[in-house]
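# Chain and residue survey
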Amino acid sequence: DLILVDGSSYLYRAFHALPPLSTSRGEPTGAVHGVLNMLKKLLRDYPQTRLAVVFDAPGKTFRDELFAQYKAHRPPMPDDLRAQIEPLLQAVAAMGLPLLRIAGVEADDVIGTLATRAAAAGEQVLISTGDKDIAQLVNERITLINTMNDSLLDRAGVKAKFDVYPEQIIDYLALVGDSSDNIPGVDKVGPKTAAKWLNAYGSLAAILEHAAEITGKVGENLRAGTDTVALSRQLATIRCAVALPAGEAALQARPADAAALRELYTRLEMRSFLRALDGDDGAPGRPGGTATAGPAGAEPTAPAPEPGADPMERHYTLINEWTQFLGWLERLRRAPLISFDTETTGLDYMRAQIVGVSFCIEPGHGAYLPLAHSYPGAPDQLDRERVLAALRPLLEDAELPKVGAHMKFDMHVLANHGITLRGQRYDTMLESYVLNSTATRHDMDSMAAKYLGIRTIRFEDVAGKGAKQLTFDQVGIEQATEYAAEDADVTLR
């Protein structure tokens, strides 16, 4: 069996998910830290499985030749991210893991080739990625895993997520387009329309054969965009016959290079990783290597949250599937008390828009529902208006008790979206002031320290400080989940 890691996908996601960590000399390390920890998790969870890491190679690909505007709208790679590519590649190689970068194609194409080849040979393949395009590869032997939220996507999962089957994903992407890659698609055709057509006709070819039957402006756009949709389909198709060097030898792990890892971890000031080289943290070893095959976690010099350093247990869920959301909606309706919080684009309550919402109905078990994170490479999120429409009856029900911290702000923000919050039973900020107006500041972080004896994740821990501080819609979703769900959890406690 085989695990294929989409290193490029995780590099971007780790960069946006973690605080801007750096060494004492100012060398950025957050993305390296995130990807190495992701690899550690895979090595721990699948100790007997071959694993290879695939990155995009520098330079243009065949897609740039097909379409000059392919990915042309993307801003230049941030310098702090670019500086972390080489150290990460060095670390992966020193760990003894197979590392592939093939010029002229993307990491997706290399993964597609390796996955289909292994599946044809009877192996089970797990692709670790956050890229929705790779859903087109899923079949009875190929499954996707997102190690940042522990979600698996098999054939049924693809259907539930996109309302089309894996073999229809290319046609789906051709119709919808992809704003992150600048793939045009058909104007005004969104996910619901594309899925509806594919469920009715089966394929893009059949849709085009029946294009005259499709009425309205969207039908006109389809008929006018025949050439565009054909190009979009080419751009969206993962190539599964890429010429790869060395065949199976390219997928063979080697013993880890402890000396190289020690030098790298020392330079990056990853002291916990260094301790793992000596086996001090019980990190699992890799068959054929040593205990250095998987890093055990970094110890950054920049300030970082330390959940778990206190008695407070945390089990936080990222809600990114509609069925997940419906399950939580039912639990909220039955709850004796709902802790609810909004995350927004800013603190001006007259203008702030909702970026996500968090819930907690049982101490230690919170959830975050991202709705409008918009950084480059942000994963798909549930539709904000559809979610808020589903939440409206619950939020406006005066008989469903709710608790929050500074609920006046949440009331204003919800009003900006046409929702009148009712059922407020407790507001911890007001209660803290009434209890003792001078005992402490009345923000949640200060109250948590005084009354619960815990250090919460601060906003600057996830968004940075000063002029470079991010707005919450630019914070990585995985990092936002820990921060936002903790807010609801601590408020309930």
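Now for a quick tour of the structure.

## Describing the sheet that holds strand β12 (residues 424-427)
If you walk across this open sheet you meet the six strands as β7-β10-β9-β8-β11-β12, and the pairing is mixed. One side of each edge strand has no neighbouring strand; the edge strands of this open sheet are β7 (315-318) and β12. Averaged over all pairs of adjacent strands, the angle between strand axes in this sheet comes to 25°, irrespective of strand direction. Note that strand β11 (residues 402-404) and β12 share three bridges and pair parallel. Looking at the pairing, Lys402 lines up with Gln424 of β12. Taken strand by strand, helix α14 (residues 322-334) contacts β7, β8 (338-344), β9 (354-362) and β10 (365-370), and its axis lies near 50° from that of β9.

## Things to note about a nonpolar patch on the surface
Judged by side-chain polarity, Leu435, Tyr451 and Leu452 come together as a nonpolar surface patch covering roughly 290 Å² of accessible area. Locating Leu452 in the fold gives a position in helix α18 (residues 444-452). The exposure class of Leu452 is partly exposed, given its relative accessible area of 35%.

## Let's talk about unusual backbone geometry
In terms of backbone geometry, most residues other than glycine have negative phi values and most peptide bonds are trans. Unlike most non-glycine residues, Glu269 shows phi in positive territory, near 60°. With respect to the secondary-structure elements, Glu269 resides in the loop between α12 (258-267) and α13 (271-277). With a phi close to 60°, His406 is a non-glycine residue in the positive phi region. Tracing the chain through its elements places His406 in the loop between β11 and α16 (407-416).

## Quick look at the sheet that holds strand β5 (residues 142-146)
Adjacent strands of a sheet form backbone hydrogen bonds with each other and so pair up, either parallel or antiparallel. The six strands lie next to each other as β3-β2-β1-β4-β5-β6, forming an open sheet whose pairing is mixed. The open sheet has two free edges, formed respectively by β3 (99-100) and β6 (151-153), since each of these has just one partner strand. Note: strand β1 (residues 2-6) against strand β2 (residues 50-54), five bridges, orientation parallel. Bridge assignment links Ile3 to a residue of β2, and that residue is Leu51. Of the strands in this sheet, β1, β2, β3, β4 (125-128) and β5 touch helix α5 (residues 107-120), which is tilted by about 170° from β1.

The rules behind each value
Residues numbered from 1 in each chain as written. Predicted model: local features only at pLDDT ≥ 70, side-chain atom pairs only at ≥ 80, totals over all residues. Heavy atoms only, no water. Pairing = 2+ DSSP bridges. Helix = DSSP H or I, 4+ residues; strand = E, 2+ residues; numbered from the N terminus. Axes fitted to C-alpha atoms, helices over the stretch in contact; angles between N-to-C directions. Contact = heavy atoms within 4.5 Å. Patch = residues over 30% accessible without salt bridge, like charges linked within 9 Å, V, L, I, M, F, W, Y side chains within 5 Å. Areas by Shrake-Rupley, 256 points an atom, 1.4 Å probe, with all protein chains shown as cover. Salt bridge = Lys/Arg side-chain N within 4 Å of Asp/Glu carboxyl O. Buried < 20%, exposed > 50% of the residue type's maximum accessible area, 1.4 Å probe, protein only.

Fair warning: the whole summary comes from geometry, so function is off the table for now.
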